[in-house]
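Here's the letter readout for the chains.
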Amino acid sequence: MATDVAFDARHRGAPGLAHGGAISAACDDLFGFVLYLVQEIAVTRTLTVNYLAPVPLGQPHRITARLQRRQGRRLHLEATGTGHDDVTRFTAEALFLVVDREHFTPHGADADVLAMFNRPPEHR
Ligand SMILES: CCCCCCCC(=O)SCCNC(=O)CCNC(=O)[C@H](O)C(C)(C)COP(=O)(O)OP(=O)(O)OC[C@H]1O[C@@H](n2cnc3c(N)ncnc32)[C@H](O)[C@@H]1OP(=O)(O)O
């Protein structure tokens, strides 16, 4: 799973550079989309971002995320963020834990989430 993102003035940390929190959010969000491929409902338990080099605003970066391994309810995910100049400026690792629909229902579950739960397990 991959996405191209160019951080802009809304994501500014230091002058001209992306804020680390914005980079972290982008990684976490993409990990959430990997769940559609994994066909599991899970939430972030831990997220570690390695900031390898400053990320300039306005320069597209490709974030690529994948499931690295699974151990029971534990989904270990990893991502890299690389500029068009082929410089990898950040990487991320996350532990997602598979949850059931009751995790969301008290807070107003999205119809898409519920639809995933309604599919037979072999199609999830
Ligand atoms: C549907 C689309 C969703 C998209 C999500 C996109 C990403 C997000 O923004 S998610 C939002 C941010 N995250 C959250 O809000 C999560 C908040 N946390 C929680 O609700 C709970 O802590 C939750 C549900 C993750 C886990 O709680 P709980 O089910 O009680 O699990 P818990 O018993 O603590 O741990 C389960 C297992 O994982 C293991 N585990 C927990 N933490 C760790 C860890 N840091 N390292 C290794 N193992 C761990 C535990 O040891 C346990 O193992 P075992 O089953 O062998 O005993």
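Values in this document were obtained by computation on a predicted structure and should not be read as measured data.

Cut-offs used in this document
One numbering rule holds for all chains: residues counted from 1, following each sequence as written. Only residues with pLDDT of 70 or above have their local features reported here, since the model is predicted, and side-chain atom pairs are shown and tallied only from 80 upward, although totals for entire chains, interfaces and linings are computed over all residues. Note: side-chain values were computed over all heavy atoms of the structure, leaving out hydrogens and water. Each residue is placed in one exposure class: buried if its accessible area under a 1.4 Å probe, protein chains only, is under 20% of its type's maximum, exposed if it is over 50%, and partly exposed if it falls in between. Labels follow the DSSP assignment, with helices taken as runs of H or I lasting at least four residues and strands as runs of E lasting at least two, numbered in each case from the N terminus. Two strands qualify as a pair provided that DSSP identifies no fewer than 2 bridges between them. Throughout, the term near means that a residue has one or more heavy atoms lying within 4 Å of the molecule or strand in question. Whenever a nitrogen or oxygen atom comes within 3.5 Å of another N or O atom, the pair is scored as a polar contact, on the condition that within protein one atom can donate a hydrogen and the other can accept it, and that pairs from neighbouring residues in sequence are kept only if both atoms are in side chains. Ten residue types, Ala, Val, Leu, Ile, Met, Phe, Trp, Tyr, Cys and Pro, are classed as nonpolar, four, Asp, Glu, Lys and Arg, as charged, and the remainder, Gly among them, as polar.

Undergrad: Any chance you could explain the pairing of strand β4 (residues 74–83) here in plain terms?
TA: Residues in a regular strand project their side chains so that they alternate between the two faces of the sheet. β4 sits mainly inside the fold: 7 of its 10 residues count as buried. By the bridge criterion, 10 bridges tie strand β3 (residues 61–71) to β4 in an arrangement that is antiparallel. Bridging from a neighbouring strand, T64 pairs with T80 of β4. Adjacent in sequence and paired antiparallel, β3 and β4 are bridged by 2 residues, among which G72 carries a positive phi angle near 60°. A loop of 4 residues connects β4 with strand β5 (residues 88–98), the two strands running antiparallel in sequence, and D86 in this loop sits at a positive phi of about 70°.

Undergrad: Would you take a moment to explain the site of the ligand for this structure?
TA: The environment of the ligand is formed by 16 residues, the closest being T44, R45, R73, R74 and H103. Between the ligand and R74, the relevant distance is 2.8 Å, taken from an oxygen atom to a side-chain nitrogen or oxygen of the residue. Counting only elements with at least two residues in the shell around the ligand, the list comes to β2 (42–51) and β5. Per-element accounting of the shell around the ligand gives the leading share, 5 residues, to β2. Residues that form the shell around the ligand fall into these classes: 9 nonpolar, 3 polar and 4 charged.

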